[in-house]
Amino acid sequence: MAAAMASQGERAVLEEEFKWLLQEEVHAVLRQLQDILKEASYRFALPTSGSGRAVKQENFVLSTSGTDQVKGVMTLQGDALCQADVNLKMPRNNQLLHFAFREDKQWKLQQIQDARNHVNQAIYLLMNRDVNHQFKTGLEVLKLMDAVMLQLSRARNRLTTPATLTLPEIASSGLTKMFTPVLPPDILVNFYINLNKLCLTVYQLHVLQPSTTKNFKPAGGSVLHNPGAMFEFGSQRYEVSHVHKVECVVPWLNDALVFFTVSLQLCQQLKDKISVFSSYWNYRPY
């Protein structure tokens with residue numbers, strides 16, 4: 001009898017603790033997540049609706065240690081490259097080529113667009129449960145955390161996992177039409193985000209003659225193609241002769257990645273607290 005009464009008393013304490021968790025702590029965590037993710041959204045240098053914030057322009061110099069074959073100066077405005085100047089020193093004769101974006105052109109960085117959209121979707125999910133919302137079950141909280149974590153994971157993955165492209169896809173990209181003077185047919189360029197860095201890759205090509213003795217094997221999709229990669233574009237076959245990659249750190253992308261990590265940890269900690277209640281005396285607050 002005493003054991004049964006103790007068990008009932010313990011269960012009553014658990015129920016009170018769980019009630020407080022649903023009514024108080026969950027909302028406190030949701031507010032904390034909203035604050036963090038709004039800061040992440042601001043780091044994308046894009047105005048939220050009604051904020052009145054202007055989209056600022058930032059200049060970055062892309063280079064790499066140990067080589068001056070390629071240098072680039074980029075102007076990033078939110079999710080768009082609005083200016084780009086690229087200097088390329090040809091390895092054979094040291095001829096210096098210069099290319100710049102046409103004044104009427106901007107290049108949208110889809111990775112930043114997508115990451116921002118996922119962050120905004122996570123914020124929407126959190127704001128949809130305002131302070132007056134009554135969470136009745138642990139399962140409801142777990143489902144919300146899973147939905148938020150899915151959006152945050154997708155946002156992070158868009159920045160940490162650049163798209164794999166084939167060389168023909170790069171050659172046919174609208175990016176090749178952005179420059180003045182027009183890029184020569186033996187030059188390909190690609191911009192992408194990798195973690196907290198803005199990257200520029202320049203591929204120099206040479207034409208494979210029909211009489212070549214090389215076995216032609218088209219390269220598949222990749223983030224970065226190596227010298228020797230072959231592809232066919234139009235009626236011509238090419239081989240990559242030189243690859244130049246330059247990059248620079250974008251500080252606010254680093255901030256955003258940190259905010260994603262902290263937010264995911266907060267979500268997981270709340271999920272863990274909910275799950276703890278299910279492990280005591282088969283108490284299942286679902």
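Described below are features of the structure shown in this document. None of these values were measured; they are calculated from a predicted model. (Residues numbered from 1 in each chain as written. Predicted model: local features only at pLDDT ≥ 70, side-chain atom pairs only at ≥ 80, totals over all residues. Heavy atoms only, no water.)

Summing up its helical and strand segments, the chain has five helices and 10 strands in all. Taken over 286 residues, the chain has a buried fraction of 42%. Sequence separation of at least 24 residues holds for 65% of the intrachain contacts in the chain that already meet a minimum separation of 6. In the structure as shown, the chain presents an accessible area of about 15200 Å², 50% of it carried by carbon and sulfur atoms. (Helix = DSSP H or I, 4+ residues; strand = E, 2+ residues; numbered from the N terminus. Buried < 20%, exposed > 50% of the residue type's maximum accessible area, 1.4 Å probe, protein only. Contact = heavy atoms within 4.5 Å. Areas by Shrake-Rupley, 256 points an atom, 1.4 Å probe, with all protein chains shown as cover.)

Tracing the backbone shows Thr176 in the loop between α4 (167-171) and β6 (179-180). Of the residues examined, Thr176 reaches a relative accessible area of 14% and is grouped as buried. For Thr176, the side chain forms a polar contact with the main-chain oxygen of Ser173, separated by 2.8 Å. Excluding anything up to four places from it in sequence, Thr176 contacts Ile170, Ala171 and Leu183. (Polar contact = N/O pair within 3.5 Å; in protein donor to acceptor, adjacent residues only side chain to side chain.)

Moving on, we get to the nonpolar core. Within the largest apolar cluster, 69 residues are counted, with the highest numbers of intra-cluster contacts made by Met74, Met145, Phe179, Phe191, Leu198, Leu200 and Phe260. Other than its neighbours up to four places away in sequence, Leu200 contacts Leu62, Val70, Met74, Val86, Val189, Asn190, Phe191, His244, Lys245 and Val246. One finds Ala171, Tyr203, Phe231 and Val240 within the second-largest nonpolar core, a separate group that totals 10 residues. (Core = buried A, V, L, I, M, F, W, Y, C linked by side-chain atoms within 4.5 Å.)

Extensive coverage of strand β8 (residues 197-207) is indicated by the burial of eight of its 11 residues. Bridging between strand β7 (residues 187-194) and β8 involves eight bridges; their strand directions are antiparallel. Bridge pairing in β8 places Phe191 opposite Leu200. In textbook terms, the turn of a hairpin is the stretch between consecutive antiparallel strands, and for β7 and β8 this stretch comprises two residues, one of which, Leu195, has a positive phi near 60 degrees. Taken together, the 11 bridges between β8 and strand β10 (residues 236-249) define a ladder with antiparallel strand orientation. Looking at the pairing, His206 lines up with Glu239 of β10. (Pairing = 2+ DSSP bridges.)

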